[in-house]
Amino acid sequence: MTAHTGPILEGKGSTDYERYVRVPELLELQKPKDKLVNPDEALFQTTHQAAELWMHHVDWEVGRAAGLMMDDPEGAADLLHRCRLIIDVLREQIIVLETMAPVAYHEFRTQSLGRGSGQESPGFKKLLEAGKRLWEPFQALLAARKLTALEIERDPRRNRECFRLVQAMLDYDEAFLKWRYTHMRLAFRIIGSKVLSLKGVPAAQLEAGSREPLFPELWETISTLTSEFKPTY
Ligand code: HEM
């Protein structure tokens, strides 16, 4: 009897792995190696393509978390934890680009990137909306449970489910800020802080973004809680 080991899925590639992951199509999306301005351009394009895929995936999970929040706050917290881990992956992968000499970046920046800017990233634009998408169902949950964020912080044990959700929202927010901060340090390391981007935006503007939380009211609540505790000495 002959064993049937060949691919059974439709698609390009000689194995089901390649056909499912769509490896041939993915690799076609990369600039041919003989067209690269220099070898480091490959790292730059791969990093951005991978980031775009991950950012779109986070957007998908954020939508799921928003949908679950009212009926299953812990399920929403689990998904936000997943999103936070993905953002941590993005932060880790950005550091790889620090191994590139600034002059290598300038070579392909001036010859390949056109007027492209990270601000045009569709994935990033979606992630900037994540705060609003999650805040509305969170408010609806608080209204349904007749709770405020401050009451949750005052008594996490009594409001365990909601507290877990708040923690996951803060974790996600913090991961996103750390990613933005790490990207800012990368940009300063490669092009400096005193120059204009390809869109004419000062690179130093990245600093403001690394200080803008998605859930400012939650951070405000932590400060309010602190102000309620006065020293007794
Ligand atoms: C050589 C490496 C990099 C340099 C020098 C750099 C530089 C910059 C600069 C100067 C800006 C601000 C102005 C503008 O939009 O043009 C920016 C924005 C941005 N870049 Fe990069 N970048 C690098 C790598 C990356 C990577 C790997 C990603 C991955 C997604 C990325 C995503 C973004 C995003 C999302 C923005 C908008 C950020 C915001 O508005 O706060 N960049 N980048």
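It should be noted that the structure appears before, not after, this text.
Below: a short report on this structure. Quick caveat, the model's predicted, so the values are computed rather than measured. The residue numbers shown here count from 1 along each chain, following its written sequence. It should be noted that, the model being predicted, local features are given only for residues of pLDDT at least 70 and side-chain atom pairs only at 80 or more, the latter also being counted only at that level, while totals for whole chains, interfaces and linings use all residues.

## Some thoughts on the overall build of the chain
Going by this rule: Counting from the N terminus, the helices are DSSP H or I runs at least four residues long and the strands are E runs at least two residues long. In this treatment the radius of gyration is a C-alpha quantity, and the globule benchmark scales as 2.2 Å times the residue count to the 0.38 power. Burial is judged by counting other C-beta atoms within 10 Å of a residue's own C-beta: 20 or more means buried, 12 or fewer means exposed, and anything between counts as partly exposed, with every C-beta placed from the backbone.
Looking only at helices and strands, the chain features ten helices and zero strands. When its helices and strands are written in sequence order, the chain yields α-α-α-α-α-α-α-α-α-α. In terms of overall dimensions, the chain is more spread out than a globule: its C-alpha atoms have a radius of gyration of 22 Å, far above the 17 Å expected for 233 residues. In terms of its C-alpha atoms, the chain occupies a principal-axis envelope of roughly 70 × 65 × 30 Å. The 233 residues of the chain split such that 18% are buried.

## As for the packing of helix α4 (residues 73-95) against helix α8 (residues 160-191)
Worth spelling out the cut-off: An axis is simply a line fitted to the C-alpha atoms; with a helix, the fit covers only the stretch in contact. Between two such axes, the angle follows the N-to-C directions and lies from 0 to 180 degrees. In this scheme, roughly parallel covers angles under 35 degrees and roughly antiparallel covers those over 145, while 65 to 115 is roughly perpendicular and the rest are oblique. Left-handed describes a crossing whose near helix is turned anticlockwise from the far helix by less than a right angle; the clockwise case is right-handed. Amino acid classes used here: Ala, Val, Leu, Ile, Met, Phe, Trp, Tyr, Cys and Pro are nonpolar; Asp, Glu, Lys and Arg are charged; the rest, including Gly, are polar.
Between α4 and α8, the shortest axis-to-axis distance is 8 Å and the interhelical angle comes to 15°. Between α4 and α8, the angle falls in the class roughly parallel. Taken as a pair, α4 and α8 cross one another with a handedness that is left-handed. Taken together, the residues of the contact of α4 with α8 break down into 18 nonpolar, three polar and eight charged.

## Re the nonpolar core
Selection rule: Only buried Ala, Val, Leu, Ile, Met, Phe, Trp, Tyr and Cys residues enter a nonpolar core, and they are joined through C-beta atoms within 7 Å.
Core analysis: the biggest nonpolar cluster contains 31 residues, and Ala65, Leu80 and Met169 have the highest contact counts within it. Residue assignment for this core shows that the elements contributing at least two residues are α3 (40-68), α4, α6 (122-144), α7 (149-154) and α8. Per-element accounting of this core gives the leading share, nine residues, to α8.

## A short note on the packing of α3 against α6
Basically, it comes down to this: Two residues qualify as a contact pair if the distance between their C-beta atoms, derived from the backbone, is within 7 Å.
It is at 9 Å that the axes of α3 and α6 come closest, and there the two elements cross at 10°. Put simply, α3 runs roughly parallel to α6. Contacts between α3 and α6 involve Ala51, Glu52, Met55, His56, Val58, Asp59, Val62, Gly63, Ala65 and Ala66 from the former and Gly123, Phe124, Lys126, Leu127, Ala130, Arg133, Leu134 and Pro137 from the latter. In terms of residue class, the contact of α3 with α6 is built from eleven nonpolar, three polar and four charged.

## With respect to α8
Selection criterion: In a helix, the anticipated span is given by 1.5 Å times the number of residues less one.
Taking 1.5 Å as the rise per residue, α8 with 32 residues should run 46 Å; its terminal C-alpha atoms sit 46 Å apart, in good agreement. Buried within α8 are the following residues: Cys162, Leu165, Val166, Ala168, Met169, Tyr172, Asp173, Ala175, Phe176, Trp179, Arg180 and His183. Just beyond α8, the residue with positive phi is Gly192, at close to 90°.

## Points about α3
Taking 1.5 Å per residue, 29 residues should reach 42 Å; α3 reaches 42 Å between its end C-alpha atoms and fits that length. Where α3 is buried, its residues meet α4, α5 (102-112) and α6.

## Some thoughts on the environment of Leu90
Within the element layout of this structure, Leu90 appears in helix α4. Residue Leu90 is classed as buried on the basis of its 22 C-beta neighbours within 10 Å. Between the C-alpha atom of Leu90 and that of Val103, which follows or precedes it by 13 residues, the distance is 24 Å. Leaving out residues up to four positions away in the same chain, Leu90 has contacts with Ala51, Trp54 and Trp179.

Function cannot be read off these values alone, since they describe shape.
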